[in-house]
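Commentary on secondary and tertiary structure
Given next are the chains, with one letter for each unit.
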Amino acid sequence: MSDAADPLVKSPANADGPRVIEAEVYPGAIATRLDHAINWFRESSIWYLLFATACCGIELMQTGGPRTDLDRFGAVFRASPRQSDLLLVAGTITYKMADRVRLLWAQMADPKYVVAMGSCANCGGLFQRSYSVVCGVDKIVPVDLYLPGCPPRPEALNEAILRLQEKMHGERWAAKMKGQA
Amino acid sequence: MNVVQHAADRFMRWAFSVDPATWPHAWIVYAGFILLAAVLAVGFVALFAGPVTWLERRVAGRIMSRIGPNRVGPQGVLQWLADGIKCFLKEDLVPEGADRTLFRIAPYFVFGGMFGAFVVLPFGVHLVAADLNVGLLYILAVTSLVVVGLLMAGWASNSKWALFGGVRSAAQLVSYEIPSAFSLMAVILFAGTMSMQGVVAAQGGWPWDWFLFRNPFLFAAFFLYFTAAIAEGNRTPFDLPEAESELVAGYNVEYSGMRYLFFMFAEWANLWIMSAVATVCFLGGWQIPGVSPAEVAAAEGLAFVGWQALSFLVFAAKASALILVVVQLRWTVPRLRIDQLMFTCWKYLVPLSFVCILGVLALMVVVREGGTVDMILRAALLIFGFWAVVEYARRIRRTYLADKALYERMEGKAMWYPPYRMP
Amino acid sequence: MTPAEIAARLRTRFGDGAVVAVQDALLDPTLELAPERLHEAARFLRDEDDLRFDFLRSLAGVDRKEALEVVYHLLSLPHRHGVTLRVRTPRDKPSVASVADVWPTAEWHERETFDLFGIDFAGHPDLRRLFLPDDWVGYPLRKDYAPPAEYHGIVTTREGSLPVTRAQVAGRPQVQVAMHGAKAEELPGYMRVNMGPHHPATHGVINFLLETDGEIIRKASPDVGYLHRGIEKLAESNLYIGTMPYTDRVDYLGAIFANHSWALAVEKLLGLAVPPRGEYCRAIASELNRIASHLIATGALAMDVGAFTPFTHWIREREKINDIMERICGARLTYNYLRFGGVARDIKPDVVDTIRLWLDHFEPILREFNRLISDNEIFVRRLADVAPISAADAVGFGLVGPNLRASGVHWDLRRDAPYSIYPELEFDVIVGKGFRGVVGDCYDRYWCRVLEMVESMKILRQACDKLPEGEFWAKPKVVKPAANEFYAAVESARGELGAYVIADGTDKPYRAKFRTGSYTGLSIIQHLSPGLMLADLVALIGSLDVVAPEVDR
């Protein structure tokens, strides 16, 4: 990677520091009581797609296991993207895999969520300088929650599911189905 | 007696003061009552399917030494409600290239096939929507509609994996109809009637009056029917059509939201039908131990309602015990490969069910009901059954205690949940 | 036989020009062969009675600025000797004779070398890219490779993509997914199904292109590369110690083994000795890791066959091993525990006591597991007599580890090419004998793993008892090995995990190549699959214990 593009190397090209991401506030973002009720049903039954690419996949399996049991929250794994609400991208995404991740996400039924689990899914992780790794799955699918860790502990994944539940709780369902939330 | 018609007649006499036989608008009330009976049946299944999923997940959790849903509602009892409403709120997806009409109606075939069987199930003394005199045959016939639905789902999804699942499941369901029907044939021959209420009436409340313990061929027929029914219901060890680790959810790989829920609903409904039929045919149905049907039929007013409720509870308890066995089986045993599944059916179950029929016929001729040989057979089978249940319980206790000792040795503290407490 | 003797034999047979040079100065004396003699020499080396090099351990490409090289590491299982060969080919038109007909495993190795270096292998049955997508431009492991700025609309750097809003990403047009490997030969009249890369198995993202006739498979070709992360290229731009965390990711279920092979190779290049306590710590960590890996392997096989419960029980037991490893080195999965000259942290006495306590706890659970699933009639029928691998096939396709031993071949690196303190420990090597079916079927592979867990427990007990006092890390002053090369291998849970390192006198390696067990394990599936049923294919993949990062690196 050339020095100008490499964020770890100080050069005139990136002398202004990292660029700021503007937050976007969507119209009608306040949820009503009916929305809260509907959202309670939705967050109590998050079916996640069993999508494990690399090491984070093993921690995902350990999280579904006896010690930290995701099934307590109603979160079970589904094999088919059509039946899942949550795409838990666990592991490194390569360019060869990128199109397929996009296809899997497109096949999921609305309302759907994506959690980028682990460093590789967040930003490419320790493979950022590799020629074949996508530097973050948010280049391919819109991510709702970033979960740091390499790999994140089961407790961290548990926390991510709880945070996702909080996020779902505050959404307007009608706007979400139209794709605005 | 035809409960629905009887109730409609009484309603018409009470509400409109007309004679049902001559009133020209009687058909409207009949239609209304039929609809009501259907709604009650569907409602029963809906209310049953949900909590049974809760039971399955908690039992699965306990078998797998984890917890299972316990956050959604107290001890997780509302989990099924959340699952159902969430699926209801999902987008209605039809895959590109799928046959839209067939894709949409396939779940209804499966649903309809399953629910059609509910009208003849005797839930209590008089709690049966339609006591057909070909009840068992009707159940076997109407549940075959499921095959059509699954094939449609598999083909219309425009996915090769769905096709695999659909075709496998069609082969499996059609094959296992045979041993299932033949084991029930043994019961029909012994009871002398195909009517469900008739089969229940031929048994009694006490275990030694159940068909299960009457003669060894009926005992074998029970296990044959149970195995074949598990295969009919696509449950492990016969869940090849929806084998998750092979077929990515099999025939319902392209279904999402409400349509997927229909398939799941039908699977749970089938679980109930299978257990209910086994209860009716082998375990004495709704018969209350110690009370004869004549006594129940003669009761009036509140006692009448009480007997109905009690018989329903007895029926539900027996069916639930069988359901618990099926649920435990799912999480214990691996699944059979398709050719092994077919061999099991055609090479083992079908010949054995023939043997059962012949055996039952032979014993019906040779053994007089109430005679010495009959009593000896019943006593022997009863003792064997009792011993099996006791041994099962002792085995569970032994394993639990060993597990507890191991845990305490490793962790240095008492095991965190005893069997009587829910985590 | 020494390399000089082998060179003499080759020169006698093929003339003086056959062996261009005998590089004695290297730690691994290498014979440089003339390219035109390679194929005949390979066949001679394999077939001669006193040579019998039947096992191709590793085939690596190297970019030597002025030429491209291919390095072959050969092993003779009957005679227990090894030799390294090297062939050079000009950079502008690199072409080497293919040895795929001599050693079937070379088919995949040569495809990989073609993919990453662009070397054309003349006579290869099906030379196409292995890891990278079919429309990739360039050969990444060459020294002059420049990565593209974008691929299919995805910008290849992190910097270039900020800021991005979710609306922008969600609105990206749907890319038509290319069927990779579509150029592979298609059999007419059969149904073509894609199994993967997202498949509900724990084996990761591997794709199989199946041609099926109903339920029976006529051809199953693995299509890999969905997890190709370029670890070998990254190693060239890291310090030697900087590659240690990357080796964790080469095999995440057996991270200690990958660490160990990397440490062994670099220590040999540095001439560094490891103190005894360090070796024992390494052995303890290795055997714990082996048990943890076999737990997942056997559990995943049971889950693929339909029994969900044993897997969760095994996950529960693995959590205890994770706890122990966390006390040893601070991580649950990607340990990064070994250093050059020893280990990063000491195993304290209380951890040793915990390990002993855990061993007492685990043995009865293993027996219970066997009662639950290993003796289950349905489980046995699903695995016994399914896809037996003959010893000749196993050796030819380069299978290693429990896969190789289940086919009846007595080869375990811990005993036959010992490293670390394994010579001082007593353990049996488990070899398949047709426990419930024929030799080398799926049940043998499964049962070999279960028995290996028992052996690992034995080793752990001995290691815990014999753990000596002393320092655990002889830290080197500077890690700058002189120009040399070495291939070091350890016996990982999945077999031979080897690191071939070429040092050039700087503090970064010139070339690092990892040879893994699942890589060759996956390559045999195409050979075995015709005639199998779909359910058997799943059982076969599970019994071979294939993990995607080992295949793709």
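Residues numbered from 1 in each chain as written. Chains lettered and ligands numbered in written order. Predicted model: local features only at pLDDT ≥ 70, side-chain atom pairs only at ≥ 80, totals over all residues. Heavy atoms only, no water.

To continue, consider the overall build of chain A. A count of helices and strands for chain A gives six helices and five strands. Reading the helices (α) and strands (β) of chain A from amino to carboxyl end gives α-β-α-β-β-α-β-α-β-α-α. Split into buried and exposed, the 181 residues of chain A put 62% on the buried side. For chain A, restricting intrachain contacts to residue pairs at least 6 apart in sequence, the fraction spanning at least 24 positions comes to 78%. Looking at chain A as shown, the accessible area adds up to about 6800 Å², and 59% of this sits on carbon and sulfur atoms. (Helix = DSSP H or I, 4+ residues; strand = E, 2+ residues; numbered from the N terminus. Buried < 20%, exposed > 50% of the residue type's maximum accessible area, 1.4 Å probe, protein only. Contact = heavy atoms within 4.5 Å. Areas by Shrake-Rupley, 256 points an atom, 1.4 Å probe, with all protein chains shown as cover.)

With that out of the way, let us pick up the overall build of chain B. Within chain B, the secondary structure is distributed over 15 helices and zero strands. For chain B, whose C-alpha radius of gyration is 23 Å, the value lies close to the compact-globule estimate of 22 Å for 423 residues. Its C-alpha atoms give chain B principal-axis dimensions of about 65 × 55 × 45 Å. Across the 423 residues in chain B, those meeting the buried criterion constitute 53%. Contacts spanning at least 24 positions in sequence make up 74% of the contacts within chain B whose residues lie at least 6 apart. Split by element, the accessible area of chain B, about 18400 Å² in all, is 72% carbon and sulfur. Placing the 31 positive and 27 negative side-chain charges of chain B at their respective mean positions leaves the two points 9 Å apart. (Rg over C-alpha atoms; globule rule 2.2 N^0.38 Å. Lys, Arg positive; Asp, Glu negative; His and termini not counted. Charge placed at Lys NZ, Arg CZ, Asp CG, Glu CD.)

So, on to helix α18 (residues 534–544) of chain C. Across the 11 residues of α18 of chain C, 11 count as buried, placing the element largely inside the fold. Three or more residues of α18 of chain C are buried, namely Leu534, Ala535, Asp536, Leu537, Val538, Ala539, Leu540, Ile541, Gly542, Ser543 and Leu544 of chain C.

This part is about the confidence of the model for chain B. Low-pLDDT portions of the prediction should not be read for the details of their coordinates. The share of residues in chain B with pLDDT of 70 or more is 96%, and the mean pLDDT across the chain is 84. Here the prediction assigns the complex a pTM of 0.89, and the interface score ipTM is 0.86. (pLDDT = per-residue confidence, 0-100.)

All names here are of chain C. With mixed pairing, the five strands of this open sheet are ordered in space as β1-β2-β5-β4-β3. The outermost strands of the open sheet, each flanked by one partner alone, are β1 (19–23) and β3 (55–64). Strand-to-strand twist across the sheet, computed as the mean angle between neighbouring axes with direction ignored, equals 20°. Bridge count between β3 and strand β4 (residues 67–76): nine bridges; the pairing is antiparallel. Bridge pairing links Val62 to Glu69 in β4. Here helix α1 (residues 3–14) sits on the sheet and contacts β1, β2 (30–33) and β5 (81–90); the angle it forms with β1, its principal contact strand, is near 175°. (Pairing = 2+ DSSP bridges. Axes fitted to C-alpha atoms, helices over the stretch in contact; angles between N-to-C directions.)

All names here are of chain A. Taken over all residues, the pLDDT of chain A has a mean of 79, while the share at 70 or more is 80%. Confidence, read as mean pLDDT per element, is least for helix α6 (residues 173–177) in chain A (70) and greatest for strand β3 (residues 86–90) (92). Throughout residues 1–28 the model reports pLDDT below 50, and contacts reaching past four residues in sequence, or to other chains, amount to 25 contacts.

Here we take up the nonpolar core. Counting 329 residues, the largest nonpolar core has Trp272 of chain B together with Tyr72 and Tyr337 of chain C as its most contacted members. At 18 residues, the largest contribution of residues to this core is made by helix α11 (residues 257–282) of chain B. Non-local contacts of Tyr72 of chain C, meaning those with residues more than four positions away in its chain, are made with Leu38, Leu56, Ser58, Leu59, Val83, Thr84, Leu85, Val87, Val96, Ala97, Val99 and Phe121 of chain C. Tyr48, Cys56, Leu145 and Met168 of chain A belong to the second-largest nonpolar core, a separate cluster that totals 20 residues. (Core = buried A, V, L, I, M, F, W, Y, C linked by side-chain atoms within 4.5 Å.)

With that settled, consider the sheet that holds strand β2 (residues 77–78) of chain A. Adjacent strands of a sheet form backbone hydrogen bonds with each other and so pair up, either parallel or antiparallel. All names here are of chain A. A sheet is described by the order of its strands in space; here five strands give the open sequence β2-β1-β3-β4-β5, paired in parallel fashion. Only two strands of the sheet have a single neighbouring strand rather than two, namely β2 and β5 (145–147). Bridge analysis of β3 against strand β4 (residues 113–117) gives five bridges, and the strand direction is parallel. Looking at the pairing, Leu88 lines up with Val115 of β4. The strands that helix α2 (residues 55–63) touches are β1 (48–49), β3 and β4; relative to β3, the one it contacts most, it runs at about 125°.

What follows deals with empty space enclosed by the protein. Residue and element names in this part refer to chain B. Tallied over the full model, the rule gives 12 cavities of 30 Å³ or more. Quantified by volume, the largest cavity comes out at close to 180 Å³. Together, 16 residues line the largest cavity, and Thr143, Ser180, Tyr225, Glu232 and Asn270 are the ones closest to its centre. For the lining of the largest cavity, the secondary-structure elements that each account for two or more residues are α5 (135–143), α7 (160–191), α9 (216–232) and α11. Broken down by class, the residue content of the lining of the largest cavity amounts to 11 nonpolar, three polar and two charged. (1 Å grid on protein atoms, 1.4 Å probe; cavity = no way out; pocket = protein on both sides within 12 Å on 5 of 7 lines; lining within 4 Å. Points joined across faces, edges and corners; volume = space filled by probe spheres on them. Nonpolar A, V, L, I, M, F, W, Y, C, P; charged D, E, K, R; others polar.)

All names here are of chain B. Inspection of the secondary structure puts Val4 in helix α1 (residues 3–15). Owing to a relative accessible area of 15%, Val4 belongs among the buried residues under this scheme. Residues Val4 and Leu36, spaced 32 residues apart in sequence, show a C-alpha to C-alpha distance of 9.2 Å.

So, on to the packing of helix α10 (residues 349–374) of chain C against helix α15 (residues 442–466) of chain C. Residues and elements named next belong to chain C. Interhelical geometry of α10 versus α15 gives an angle of 160° and a closest axis separation of 10 Å. Taken together, α10 and α15 sit at an angle that is classed as roughly antiparallel. Crossing geometry of α10 relative to α15 is assigned as left-handed. When grouped by side-chain class, the residues that make up the contact of α10 with α15 number 17 nonpolar, two polar and five charged. (Parallel < 35°, antiparallel > 145°, perpendicular 65-115°, else oblique. Left-handed = near helix turned anticlockwise from the far one by under 90°.)

The next subject is the packing of aromatic side chains. Summed over all chains, the structure comprises 56 aromatic pairs over all chains. Between Phe111 of chain B and Phe265 of chain B, the ring centres sit 6.1 Å apart and the planes meet at 5°, which makes this aromatic pair stacked. Separated by 154 residues along the polypeptide, Phe111 of chain B in helix α4 (residues 100–116) and Phe265 of chain B in helix α11 bring together distant segments of the chain. Look at Phe111 of chain B and you get buried, because its relative accessible area is 16%. Considering the side-chain rings of Phe114 of chain C and Tyr139 of chain C, the 6.2 Å spacing of their centres and the 55° angle between planes classify their relative orientation as tilted. (Phe/Tyr/Trp six-rings, centres within 6.5 Å; stacked < 30°, edge-to-face > 60°.)

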